[in-house]
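Structural overview for review
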Amino acid sequence: MGEEFRGTIADQPDFDAGSDAEALYNAMKGFGSDKEAILELITSRSNAQRQEIRAAYKSQYGKDLIDDLKYELTGKFERLIVGLMRPPAYHDAKEIKDAIKGAGTDEKCLIEILTSRTNEQIHNLVAAYKDAYGRDLEEDVIGDTSGHFKKMLIVLLQDLYDAGEAQWGTDEAKFIMLLGNRSVTHLQLVFDEYQKIAENSIEDSIKSELSGDFERLMLAVVQCIRSKPMYFAKRLYKSMKGLGTADNTLIRIMVSRSEIDMLDIRECFRLRYEKSLYNMIQDDTSGEYKRTLLNLCGGDDDIAGEFFPEAAQIAYKMWEISAMTKVQLRGTVRPYQNFDPASDAQALRKAMKGFGTDEDTIIDIVTHRSNAQRQEIRQTFKSLLGRELMADLKSELSKNLERLILGLMMTPAEFDAKMMKKAMEGAGTDEHSLIEILVTRSNQEIQEMCSAYQNAYKKSLEDAIVSDTSGQFKRILISLAQGAREEGPVDMARALEDAQVLADACNADSGDMEDKFMSILCTRSFPHLRRVFQEFVRCSNKDFEQIIKKEMSGDFKNAMFAIVRSVKNQPSYFADRLYKAMKGLGTDDRALIRIMVSRSEIDLFNIRKEFKETHDATLHEFIQVETLVGDTSGDYRKTLLIICGGED
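All values derive from a computational prediction rather than experimental measurement. (Residues numbered from 1 in each chain as written. Predicted model: local features only at pLDDT ≥ 70, side-chain atom pairs only at ≥ 80, totals over all residues. Heavy atoms only, no water.)

1. What to know about the overall build of the protein chain
Along its length, the protein chain carries 39 helices and 0 strands. A globule of 648 residues ought to have a C-alpha radius of gyration of about 26 Å, and the protein chain, at 28 Å, matches this closely. Referenced to the eigenvectors of the C-alpha coordinate spread, the extents of the protein chain come out at roughly 95 × 60 × 55 Å. For the protein chain, the residues scored as buried account for 51% of the 648 residues in total. Within the protein chain, contacts between residues separated by at least 24 positions form 72% of all contacts whose residues are at least 6 apart in sequence. Of the accessible surface of the protein chain, which amounts to about 28,400 Å², a share of 47% is contributed by carbon and sulfur atoms. Seen as two clouds, the 87 positive and the 108 negative side-chain charges of the protein chain have centres 4 Å apart. (Helix = DSSP H or I, 4+ residues; strand = E, 2+ residues; numbered from the N terminus. Rg over C-alpha atoms; globule rule 2.2 N^0.38 Å. Buried < 20%, exposed > 50% of the residue type's maximum accessible area, 1.4 Å probe, protein only. Contact = heavy atoms within 4.5 Å. Areas by Shrake-Rupley, 256 points an atom, 1.4 Å probe, with all protein chains shown as cover. Lys, Arg positive; Asp, Glu negative; His and termini not counted. Charge placed at Lys NZ, Arg CZ, Asp CG, Glu CD.)

2. Regarding the domain arrangement of the protein chain
Partitioning the protein chain into structural domains gives domain 1 (89-226), domain 2 (341-409), domain 3 (412-482) and domain 4 (570-644). Placing the centre of domain 2 and that of domain 4 at their C-alpha centroids yields a distance of 23 Å. Listed by partner, the interface residues are 15 residues for domain 2 and 11 residues for domain 4. Buried area between domain 2 and domain 4, summed over both chains or domains, comes out near 1,200 Å², and the portion from carbon and sulfur atoms is 69%. (Domains from an automatic or database assignment. Buried area = accessible area lost by both parts, 1.4 Å probe.)

3. Thoughts on the packing of helix α2 (residues 35-43) against helix α19 (residues 287-297)
Here α2 crosses α19 at 20 degrees, and the two axes come no closer than 10 Å. Between α2 and α19, the crossing angle belongs to the class labelled roughly parallel. Two packed elements cross with a definite hand, and for α2 against α19 that hand is right-handed. Residues Lys35, Glu36, Leu39, Glu40 and Thr43 of α2 form the contact with α19, whose own contacting residues are Glu288, Arg291, Thr292, Asn295 and Leu296. In terms of residue class, the contact of α2 with α19 is built from 2 nonpolar, 3 polar and 5 charged. (Axes fitted to C-alpha atoms, helices over the stretch in contact; angles between N-to-C directions. Parallel < 35°, antiparallel > 145°, perpendicular 65-115°, else oblique. Left-handed = near helix turned anticlockwise from the far one by under 90°. Nonpolar A, V, L, I, M, F, W, Y, C, P; charged D, E, K, R; others polar.)

4. Here's the deal with the pattern of salt bridges
Any two side chains of opposite charge can pair, given that their charged atoms come close. All chains considered together, the criterion is met by 40 salt bridges. With a shortest N-O distance of 2.7 Å, Arg216 and Asp213 are connected by a salt bridge. One end of the pair, Arg216, and the other, Asp213, are both in helix α14 (residues 212-226), 3 residues apart, so they sit about a helical turn from each other. Its relative accessible area of 24% is what places Asp213 among the partly exposed residues. In this structure, Lys638 and Asp360 form a salt bridge, with 2.9 Å as the shortest nitrogen-oxygen distance. (Salt bridge = Lys/Arg side-chain N within 4 Å of Asp/Glu carboxyl O.)

5. Looking at helix α27 (residues 431-440)
Most of α27 sits inside the fold, with 8 of its 10 residues counted as buried. Every buried residue of α27 is listed here: Ser433, Leu434, Ile435, Glu436, Ile437, Leu438, Val439 and Thr440.

6. Looking at unusual backbone geometry
Although it is not a glycine, Asp14 adopts a positive phi angle of roughly 55 degrees. Mapped onto the elements of the fold, Asp14 is located in the segment before α1 (17-28). Since its relative accessible area comes to 80%, Asp14 is described here as exposed. Here Asn541, not a glycine, exhibits a phi torsion of approximately 55 degrees, which is positive. Tracing the sequence through the fold places Asn541 in the loop between α33 (526-540) and α34 (544-551).

7. Some words on the packing of aromatic side chains
For the coordinates displayed, the defined rule picks out 16 aromatic pairs. Note on Tyr237 and Tyr273: the rings are 3.8 Å apart at their centroids and 5 degrees apart in plane angle, and the pair reads as stacked. Here Tyr273 lies in helix α17 (residues 262-273) and Tyr237 lies in helix α15 (residues 228-240), a separation of 36 residues in the sequence. Judged on exposure class, the residue Tyr237 and its partner Tyr273 are both buried. With centroids separated by 4.8 Å and ring planes inclined at 80 degrees, the aromatic side chains of Phe536 and Phe544 adopt a geometry described as edge-to-face. For the pair formed by Phe536 and Phe544, the shared burial category is buried. When the ring centre of Tyr133 is taken as reference, the NZ or CZ atom of Lys97 above it lies at 5.4 Å. (Phe/Tyr/Trp six-rings, centres within 6.5 Å; stacked < 30°, edge-to-face > 60°. Lys NZ or Arg CZ within 6 Å of the ring centre and 35° of its normal.)

8. Quick look at a nonpolar patch on the surface
A cluster of nonpolar side chains, contributed by Val490, Met492 and Leu496, occupies part of the molecular surface with about 220 Å² of accessible area. Secondary-structure assignment places Met492 in helix α31 (residues 492-505). Classification of Met492 as partly exposed rests on a relative accessible area of 36%. (Patch = residues over 30% accessible without salt bridge, like charges linked within 9 Å, V, L, I, M, F, W, Y side chains within 5 Å.)

9. Quick word on the side chain of Asp20
Looking at the secondary structure, you find Asp20 in helix α1. On the basis of relative accessible area, Asp20 is assigned to the buried category, the value being 7%. Here Arg45 takes part through its side chain, which lies 2.6 Å from a polar atom of the side chain of Asp20. If near-sequence neighbours (up to four positions away) are discounted, Asp20 is found in contact with Phe15, Leu41, Arg45 and Ile53. (Polar contact = N/O pair within 3.5 Å; in protein donor to acceptor, adjacent residues only side chain to side chain.)

10. Describing the packing of helix α5 (residues 75-85) against helix α16 (residues 247-257)
Interaxial distance between α5 and α16 falls to 10 Å at its minimum, and their mutual angle equals 30 degrees. With respect to α16, the element α5 is oriented roughly parallel. In this structure, α5 crosses over α16, and the sense of that crossing is right-handed. From α5, Lys76, Arg79, Leu80, Gly83 and Leu84 reach across to α16, where they touch Asp247, Asn248, Ile251 and Val255. Tallied by class, the residues present in the contact of α5 with α16 amount to 4 nonpolar, 2 polar and 3 charged.

11. Things to note about helix α21 (residues 341-352)
In this model α21 runs 17 Å from its N-terminal to its C-terminal C-alpha over 12 residues, within 8% of the 16 Å that 1.5 Å per residue would give. For α21, the full list of buried residues reads Pro341, Asp344, Ala345, Leu348, Arg349, Ala351 and Met352. Down the axis of α21, the buried set is contained in an arc of 160 degrees. They therefore lie on one face. Its side-chain oxygen 3.2 Å from the backbone nitrogen of Ala342, Asp340 forms the N-cap of α21. Note on α21: the residue one or two positions beyond its end, Gly354, has a positive phi of about 85 degrees. (Expected span 1.5 Å × (residues − 1). Arc of directions from axis to C-beta.)

So this is what it looks like as structure tokens:
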């Protein structure tokens, strides 16, 4: 990016510090204060100009401007305006001081500031801390932290990437030594080479080798090396999503980055979350506080379609990593070691006969056997007892527990066929379910599902889709339901050709564009499409998902989005689907059951990790809270939590 200015707040032309000081004084004198005038003036001046205003205010009125602002303003609005009035180093010093004072420590604040500042900024921070509080910052950090977390913070405080060759003799120390002693450019190349050699990202290695605050610290270092704007975009998203807003984090980032890289943070935010930072602030805050934040944000990116240079490079790199990574998928349900189908069949019969039902035994057996083992239990139950296990379970269980247990007892193909049938029966169609299943299943899984559908409902799945959907959406579903994605190694020349076809299609009329997108996205292998998307960014400098959002509509658009997200990171796509199934009023139990059952032996462990990474809460915690309503016995929740497999 060179020296190009990427902030949203710049010097005000025709600046007059004395005149501004007078305007602020007039806005605060008398009864009440003109908050609108205060926020508009302060957010339209650079920090250097604000320091001149503060000096002029002192000279003209003999009072400290910050003290007067604190007196006149309150709450979050006061914190935000006062934060803007402090010099950057003193603002950082105040944030660090607040993070380590009192009983607890705000480790995330320490991590954010110390991993993202330049050598010069760290040097100025240390000096400002000494000046403001008469204390040594390094000593205060040492006194408030411990272990490898403390050691890495000290390395960062001694000016980032310029620490001494200390030797601590542990595996963790290797990370500290590498990340604390190399330049950003060098480490970016190291990460790329590591990816090629290990077929795994450095981030995944850190997640598997480290834990706790030290893991979070090292991940932040890596993320800031890869891209500070993307790191801050993630921090901003987490500060606002869910119930409540982490206002201290939101204020700190909006203040500290407004004159540095807020334009790139905005673009990275939209790139990752398909929503503009501007709109998220608008939805999550209110009053003068909101208006000040929106001024700092500087604009709404939802109307954009092309990348800024920083975001284009990040997008390309993200697709490149996606194209190279061979993710090890892990389920949470595994085959039972001492499996005895006859014993399990007898135990299940005993749990269901007589007065009352032993749900605990049923749950314990069904959730601790693989699907293949459950099919053996079904066959043995029939041959030993002359009864249909599925019919017995259906008569003994009820509501969501029944649907969940029966889903686990079906073969994957039977379950998918049933879910497709449920999505299309009755008055309305559950388009999201149709999309989710057809987009994420392999050729073999789709072919087996089609056979199971024909056997169960005496009608082809394709005919059912034809009669229940219409237009381009129908065409895309039929294409996916044929289970005929190409397989085999990636042909780079063909990937480049496809990327250019898609780039050219962006300038075509809507119908032709949809045809081109569908012809490629529905038929090429996922590894091939990862390369296509990577090259698309290079040849068009456009946001692939934003084009779909702007140029397409309805369920066709939703299907295209689902394909792109699955190609990019399928566990992340499912994590997002689970989050949407549980957030807000009421739980979409059908979607929750469908995903937990279908992914439990494939990639639910990976989905859990993505869920925590994006939503800062574990899937286990979400299930525990969101399934309380309507589950009076707790058996449904208990079963889901066992399938989930852990708290991360």
